[in-house]
Number of protein chains: 2
Amino acid sequence: MALIVQKYGGTSVGTIDRIKAVAEKVKRARERGDSVVVVVSAMSGETDRLIGLATQIESRPTPRELDVLLSTGEQVTIALLSMALNAIGCPARSYTGGQVQVRTDSAHNKARIRAIDGARVRADLDAGSVVVVAGFQGTDGQGNITTLGRGGSDTSAVAMAAALKADECQIYTDVDGVYTTDPRIEPKARKLDRITFEEMLEMASLGSKVLQIRAVEFAGKYRVPLRVLSSFEEGAGTLITFEEDDVEEAKIAGIAFAKDEAKLTILGVPDEPGVAYKILGPISDANIEVDMIIQNVAAAEKTTDFTFTVHRNDFDKAMGVLRHTAESLSAREVSGDKRIVKISLVGVGMRSHAGIASRMFEALAKEGINIRMISTSEIKISVVVDEKYLELGVRTLHDAFQLDADGSLDVVA
Amino acid sequence: MALIVQKYGGTSVGTIDRIKAVAEKVKRARERGDSVVVVVSAMSGETDRLIGLATQIESRPTPRELDVLLSTGEQVTIALLSMALNAIGCPARSYTGGQVQVRTDSAHNKARIRAIDGARVRADLDAGSVVVVAGFQGTDGQGNITTLGRGGSDTSAVAMAAALKADECQIYTDVDGVYTTDPRIEPKARKLDRITFEEMLEMASLGSKVLQIRAVEFAGKYRVPLRVLSSFEEGAGTLITFEEDDVEEAKIAGIAFAKDEAKLTILGVPDEPGVAYKILGPISDANIEVDMIIQNVAAAEKTTDFTFTVHRNDFDKAMGVLRHTAESLSAREVSGDKRIVKISLVGVGMRSHAGIASRMFEALAKEGINIRMISTSEIKISVVVDEKYLELGVRTLHDAFQLDADGSLDVVA
């Protein structure tokens with residue numbers, strides 16, 4: 001008998017009928033002999049409704065009170081789902097975050113989970129109940145209600161699974177798993193049966209918004225096996241695993257991308273220690289997050305060129321800061337480009353296989369796609385290209401690495 | 001500096017604008033130098049909305065889960081009111097029932113408060129905050145969320161006032177106080193400045209639905225001075241007091257009435273010990289509440305007649321039970337009447353003044369109103385009359401005891 005934590009998001013519990021469908025799904029898991037803890041979000045639309053009430057009072061409501069308000073959203077869902085389970089003969093008990101001792105820090109609206117005491121949940125499971133827990137919320141050391149911020153229910157589920165040493169944490173969403181890339185861009189995109197944690201982190205942070213990145217990190221830290229699957233269809237989804245048993249085969253997991261990037265370049269700055277800090281310090285002080293950073297050394301002239309990317313929304317602000325910096329550094333020129341995207345090839349396999357980068361560049365070159373920036377890590381290669389090449393670039397790489405094949409390509413460089 | 005507990009019901013906090021108005025009212029009390037604890041209900045309509053969701057799942061939702069669901073209603077209000085207070089520069093902190101240790105028994109949906117630990121509230125008050133507490137809810141000894149049943153917020157407020165030894169508990173409603181009778185029936189009805197607890201209990205239980213009867217009992221038990229006043233208008237309302245300083249003047253506080261009564265009679269039953277139990281036992285077993293009970297002894301025939309009243313909704317069921325009893329007791333006859341009402345004269349003054357009953361009967365007789373039953377207690381006299389005499393009876397008594405006068409009538413028999 002396995003212990004499973006299942007998490008259902010707002011869309012999955014968005015109506016009474018959907019809550020009833022979730023209850024049936026939970027019941028089937030019980031009938032397979034598993035113990036089940038269910039973590040739920042607020043019904044879709046509810047959090048926005050509550051925020052709407054709050055902002056009628058003040059545009060920036062007291063953070064502590066906003067948490068008291070928003071936490072009611074999940075509380076409504078846990079009660080309704082427990083009723084639905086009881087109604088079909090599946091005993092269930094609901095708990096708020098505070099009731100099952102989800103301890104967080106005191107950072108209202110974006111709290112982080114510090115500890116969970118699973119004793120009460122375990123007692124109910126042992127007594128044969130399904131336990132339904134409100135995601136997204138907890139209480140701090142003084143018993144004040146806190147919330148984890150949007151999407152925090154994934155983290156709640158993983159933390160609960162870690163505390164209970166659950167056999168698997170299943171995240172039910174409106175997609176049926178993790179794909180090699182976004183099927184809206186490449187219809188031949190293929191659902192992955194498994195993906196490693198590191199790959200998932202890269203896929204998630206690069207725009208495949210299936211899972212909250214913090215939840216994946218949490219799962220990695222506590223080694224909680226995580227599975228992404230559909231609330232609405234049957235199927236085994238995608239298992240996110242620690243095992244890299246077939247790493248020798250050098251698989252590419254998929255292609256992630258980030259739209260809405262922008263690129264800034266400062267040319268001809270003195271090539272001396274501390275120049276990177278002088279350029280990026282003011283950007284960071286302006287609360288702008290930087291993604292890729294590239295510095296080209298031009299030793300002969302004792303100057304260097306420096307390029308970085310930011311979210312497109314921050315572009316104008318970043319250009320202003322950078323122009324100011326350019327003056328104080330006597331830089332030759334500042335330039336920027338708002339119409340770029342980032343495309344990344346992700347896979348643990350590439351660690352040991354140098355040929356992947358060249359295959360990637362070759363494929364893009366054949367299509368006449370000019371690469372504007374390149375950045376690499378252990379398990380990914382990212383290129384920045386003009387916005388207009390997003391779809392073509394993704395499809396080209398998907399083809400080049402045969403990601404639509406039944407199993408992914410074995411790359412032997 | 002006084003410590004005041006203020007309670008605002010669902011209508012008083014029914015919209016964002018009304019919540020803002022309540023915040024202003026609370027702020028004014030703070031500015032007068034008082035410490036304020038506010039107890040609130042769910043926004044009007046919210047409890048019904050939540051029940052509507054639950055009954056889409058099952059007609060009789062799990063009581064424990066219904067409490068988890070319904071308690072979110074007040075939680076939304078405490079958050080919004082605290083935001084509104086903070087927004088106008090009046091520091092406030094909100095708490096659910098569980099957070100301030102409102103301990104109840106485990107009778108879900110109709111729990112009773114056992115204890116409140118005021119320590120946390122007191123600490124916030126000492127720090128200069130207004131404390132906003134969710135009414136209607138608490139947690140049992142195992143930390144399960146409970147609710148007190150409809151109207152329970154009044155009880156929450158009184159219990160909080162008792163725990164904090166508050167100087168006054170103010171119940172804000174949509175009426176500006178307690179009246180000598182219902183102004184919709186007698187336009188000359190007059191607002192009372194004060195009323196004793198015993199009188200208020202009789203007025204409340206007899207249909208003047210200003211305050212929850214349980215809250216009044218609670219206030220009496222813990223000697224909490226209670227004041228009923230309007231959320232929407234200025235004014236001192238009605239103080240419910242323990243002092244009977246002018247009891248010698250034999251005041252009549254007011255006239256209460258109960259519509260929707262029904263009367264059942266069993267004639268010619270053996271006049272022997274235990275017959276009352278034989279008649280009322282089966283009624284009670286059928287979960288029917290009995291109000292007035294009268295037995296007329298007819299010693300010569302060794303039989304007796306027995307009459308009692310029930311709520312009109314229970315009439316048919318009660319008749320069925322009574323007919324069954326009549327057979328086993330060989331009673332002569334069973335009869336009933338669904339079209340009766342009860343009118344009661346309430347006042348601590350009547351304890352020592354026998355003339356009041358005769359004045360009451362005389363006034364009714366003059367108008368040709370036939371009295372069908374009479375029942376008396378220490379501080380009230382109730383008569384049952386035909387339904388059609390309700391308005392006439394109330395107005396006649398209101399006049400006879402000059403309740404519209406500037407001060408009420410001094411009765412000297």
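Residues numbered from 1 in each chain as written. Chains lettered and ligands numbered in written order. Predicted model: local features only at pLDDT ≥ 70, side-chain atom pairs only at ≥ 80, totals over all residues.

1. Points about the environment of Leu-403 of chain B
Residues and elements named next belong to chain B.
Right, so step 1: Structurally, Leu-403 can be placed in the segment after α11 (390-400).
Right, so step 2: What makes Leu-403 buried here is the crowd of 25 C-beta atoms within 10 Å.
Right, so step 3: Residues Leu-403 and Tyr-179, 224 residues apart in the sequence, show an inter-C-alpha distance of 9.7 Å. (Helix = DSSP H or I, 4+ residues; strand = E, 2+ residues; numbered from the N terminus. Buried ≥ 20, exposed ≤ 12 C-beta atoms within 10 Å, placed from the backbone.)

2. What about the sheet that holds strand β6 (residues 130-134) of chain A?
Residues and elements named next belong to chain A.
Right, so step 1: In spatial order, the strands read β3-β6-β2-β1-β9-β11-β12-β10; together these 8 strands make up an open sheet with mixed pairing. The outermost strands of the open sheet, each flanked by one partner alone, are β3 (92-95) and β10 (194-196). Mean inter-strand twist for the sheet, computed between neighbouring axes without regard to direction, equals 20 degrees.
Right, so step 2: The pairing of strand β9 (residues 168-173) with strand β11 (residues 226-230) spans 5 bridges and is classified as parallel. (Pairing = 2+ DSSP bridges. Axes fitted to C-alpha atoms, helices over the stretch in contact; angles between N-to-C directions.)

3. Notes on the interface of chain A and chain B
Right, so step 1: Listed per partner, the contact involves 26 residues of chain A and 26 residues of chain B.
Right, so step 2: Contributions of two or more residues to the side of chain A that touches chain B are made by α1 (16-31), α2 (46-57) and α3 (63-87) of chain A.
Right, so step 3: Top contributing element to the side of chain A that touches chain B by residue count: α3 of chain A, with 14 residues.
Right, so step 4: Here the residues of the side of chain A that touches chain B sort into 14 nonpolar, 9 polar and 3 charged. (Contact = placed C-beta atoms within 7 Å. Nonpolar A, V, L, I, M, F, W, Y, C, P; charged D, E, K, R; others polar.)

4. Some remarks on the pairing of β11 of chain A
Right, so step 1: Note that β11 of chain A and strand β12 (residues 238-241) of chain A share 3 bridges and pair antiparallel. Among the inter-strand pairings, Leu-226 of chain A is bridged to a residue of β12 of chain A, identified as Ile-240 of chain A.

5. Thoughts on the relation of the copies chain A and chain B
Right, so step 1: Of the two same-sequence chains, chain A is brought onto chain B (RMSD 0.3 Å, axial shift 0.1 Å) by a rotation of 179 degrees. What the superposition gives is, in effect, a two-fold axis relating one chain to the other. Measuring from the rotation axis to each C-alpha of chain A, the shortest distance belongs to Thr-72 of chain A, at 2.6 Å.
Right, so step 2: Of all interface residues in chain A, 100% are interface residues in chain B too; the two copies therefore contact each other through one and the same surface. (Least-squares fit on C-alpha atoms with pLDDT ≥ 70 in both.)

6. Regarding the domain arrangement of chain A
Right, so step 1: When the domains of chain A are assigned, the result is domain 1 (3-174) and domain 2 (254-400).
Right, so step 2: One C-alpha centre belongs to domain 1 of chain A, the other to domain 2 of chain A; they are set 39 Å apart. (Domains from an automatic or database assignment.)

7. Topic: the packing of α3 of chain A against helix α3 (residues 63-87) of chain B
Right, so step 1: Contact geometry for α3 of chain A and α3 of chain B: axes closest at 8 Å, N-to-C directions at 165 degrees. By the angle between their axes, α3 of chain A is roughly antiparallel relative to α3 of chain B. Two packed elements cross with a definite hand, and for α3 of chain A against α3 of chain B that hand is left-handed. In this structure, α3 of chain A contributes Glu-65, Val-68, Leu-69, Thr-72, Gln-75, Val-76, Ile-78, Ala-79, Leu-80, Ser-82 and Met-83 of chain A to the contact, and α3 of chain B contributes Glu-65, Val-68, Leu-69, Thr-72, Gln-75, Val-76, Ile-78, Ala-79, Leu-80, Ser-82 and Met-83 of chain B.
Right, so step 2: The residue makeup of the contact of α3 of chain A with α3 of chain B, split by class, is 14 nonpolar, 6 polar and 2 charged. (Parallel < 35°, antiparallel > 145°, perpendicular 65-115°, else oblique. Left-handed = near helix turned anticlockwise from the far one by under 90°.)

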